[in-house]
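# Observations on the three-dimensional arrangement
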Amino acid sequence: MPKHKTYKTGPFFERAVLVGISLRNKENNWSIDDSLSELSQLAIAAKTNPITRFSQSLNSPSQTYLGKGKLSELKDLIDEKKINVAIFDDELNPNQQRMLEDHLKIKVIDRTALIIDVFAQRANTKEGRLQIELAQTEYLLPRLAGQWSHLERLGGGVGTRGPGETQIETDRRLVRKKISRIKKEIDRIQNQRENQRNNRYKNLTNNVSIVGYTNAGKSALFNNLTSSKVIEKNQLFSTLDTTSRKLFINTDLNCIISDTVGFVNKLPPILVAAFRTTLEESINSQLLLHVSDISSPYLIEQITVVNKQLNELEIGDKPKILVLNKKDLICTKEYDLIDKNIYKKIYQTGIKYEDIILSSAQENWGITEIKSSIRQFFN
Ligand SMILES: Nc1nc2c(ncn2[C@@H]2O[C@H](COP(=O)(O)OP(=O)(O)OP(=O)(O)O)[C@@H](O)[C@H]2O)c(=O)[nH]1
Ligand SMILES: [Mg+2]
């Protein structure tokens, strides 16, 4: 069995229904429609075809996630539209997942499995694949104990890709062993990387990391600042592996700048943990450039999500410069066209920034300002 190359492509473009609940007393401002729209982008990124959506307003998810009546309605919809996979907007516990599959008679996956699947398809370095394998194996661990034979019955495809599936038949002890083996292997690769980095950048101690919501334009900005050519693409999670380059500020100041994996609402903690080593550059940076898409109606929510996830990584307290990117999508180069309420709302989040800069990586706006803000910070 090849260890890291067992991704099944599965049937492409499975027909999916996206299922969510609108919590009556929820803690954030995402509407169910917008959460499902993001889920839809994730589903497309995982090469499924989101045919239809289904939602219910509830106080909290039930044992079968949805209420009984709604579950029957969903089953009818699935039969009517010839759906092969139901994708749920929240993480399902193993019992919920099993009961839903028994009832709906199709494959049921949740947001976590979907995101892991997208990552599994994108990972192209050994370390990236190991991190996915780690996340997937940890995800599978509580779902073992024989329940997983149904996955084979349901025929692979989205949510079942990746190396973790080959361990379905093994017991928890073996899986735990596997987890510790993967962790060791990741540590080994990381140490190697650390040494190479130390050699390459011996005299450069100023480190800046670009962090932010997925698709905000982090890689575009990184390319612009360093004249590099990392992948920038209008899709979620184009970047999985960190890339670091020298950033020339002036003759007295050079620093290392790193482009990193993006965050997303409801990012599974398993993936945050698995990607901790990838985010090591951010953890070791003195300064974070938090890039956000100012044209998104969810700008403030995205800023808050990123900050929450930075806190989970224990780097939320690091000095941060907020870069409001894609300015070209909402106005011309003139600053005064920006709605001043945006600044007020950012201030109200309580997150402290060294500076807030408007930019367009596409139009080359704000690049000088970003560099001079970095210079000021290190001076
Ligand atoms: N209009 C406009 N588009 C931009 C700008 N910056 C980036 N984009 C586009 O937005 C999309 C996402 O850009 P990326 O740089 O890949 O975004 P990212 O934050 O690195 O995304 P992930 O790596 O997937 O998390 C691409 O299609 C870019 O061309 C900008 O300033 N203006
Ligand atoms: Mg990127």
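Just so it is clear, the model here is predicted, and its values are computed rather than measured.

### A word on the side chain of Gln97
Position of Gln97 relative to the elements: it lies in helix α3 (residues 94-104). Judged by relative accessible area, which is 5%, Gln97 ranks as buried. For Gln97, the side chain forms a polar contact with the side chain of Arg143, separated by 3.3 Å.

### What about the sheet that holds strand β8 (residues 287-293)?
Across the sheet, which stays open at both edges, the six strands sit in the order β6-β7-β5-β8-β9-β10 with mixed pairing between neighbours. Of all strands in the sheet, those bounded by a partner on one side alone are β6 (243-250) and β10 (355-358). Ignoring which end each strand starts from, the neighbouring axes of this sheet average 25 degrees apart. As judged from the seven bridges shared by β6 and strand β7 (residues 253-259), these two strands associate in the antiparallel manner. Counted as the bridge partner of Leu247 is Cys255 from β7. Each of β5 (207-212), β8 and β9 (320-325) touches helix α11 (residues 299-312); the most contacted strand, β8, lies at about 150 degrees to it.

### Details of the coordination of the magnesium ion (ligand 2)
In this structure, Ser219 (OG) and Thr239 (OG1) serve as the protein donors to the magnesium ion (ligand 2), at separations of 2.0 to 2.1 Å. Taken together, the positions of Ser219 in helix α8 (residues 218-226) and Thr239 in the loop between α8 and β6 put the pair 20 residues apart, joining distant regions of the chain. The pair Ser219 / Thr239 is uniform in exposure class, with both members buried.

### Section: the packing of aromatic side chains
Applying the stated criterion to the full structure yields five aromatic pairs. A ring pair is formed by Trp30 and Tyr298, whose centres lie 4.7 Å apart and whose planes are at 5 degrees; its orientation type is stacked. With Trp30 in the loop between β1 (14-23) and α1 (32-45) and Tyr298 in the loop between β8 and α11, this pair connects stretches of sequence that are 268 residues apart. With respect to burial, Trp30 and Tyr298 carry one shared label: buried. Taken together through their ring pairs, the aromatic side chains of Trp30, Tyr213 and Tyr298 make up a single cluster.

### Overview of the confidence of the model for the protein
Summary statistics for the protein give a mean pLDDT of 86 and a share of 85% for residues scoring 70 or more. Per-element mean pLDDT across the protein ranges from 49 in helix α6 (residues 149-154) up to 98 in β9. Here residues 146-153 is modelled with pLDDT under 50, and outside its nearest four sequence neighbours on either side it reaches ten contacts, counting other chains as well.

### Re the site of ligand 1
Taken together, the neighbourhood of ligand 1 is formed by 24 residues, with Lys218, Ala220, Ser238, Thr239 and Asp328 sitting nearest. For ligand 1, an oxygen atom lies 2.9 Å from a polar atom in the side chain of Thr214. A distance of 3.3 Å separates an oxygen atom of ligand 1 from a polar backbone atom of Gln235. When the free accessible area of ligand 1 is taken as 650 Å², the share hidden by the protein chains comes to 91%. In terms of residue count, α8 provides more of the shell around ligand 1 than any other element does, three residues in total. By residue class, the composition of the shell around ligand 1 is seven nonpolar, twelve polar and five charged.

Definitions and cut-offs
Residues numbered from 1 in each chain as written. Chains lettered and ligands numbered in written order. Predicted model: local features only at pLDDT ≥ 70, side-chain atom pairs only at ≥ 80, totals over all residues. Heavy atoms only, no water. Helix = DSSP H or I, 4+ residues; strand = E, 2+ residues; numbered from the N terminus. Buried < 20%, exposed > 50% of the residue type's maximum accessible area, 1.4 Å probe, protein only. Polar contact = N/O pair within 3.5 Å; in protein donor to acceptor, adjacent residues only side chain to side chain. Pairing = 2+ DSSP bridges. Axes fitted to C-alpha atoms, helices over the stretch in contact; angles between N-to-C directions. Contact = heavy atoms within 4.5 Å. Donors = N, O, S within 2.8 Å, 3.2 Å for Na, K, Ca; no water. Phe/Tyr/Trp six-rings, centres within 6.5 Å; stacked < 30°, edge-to-face > 60°. pLDDT = per-residue confidence, 0-100. Near = heavy atom within 4 Å. Areas by Shrake-Rupley, 256 points an atom, 1.4 Å probe, with all protein chains shown as cover. Nonpolar A, V, L, I, M, F, W, Y, C, P; charged D, E, K, R; others polar.

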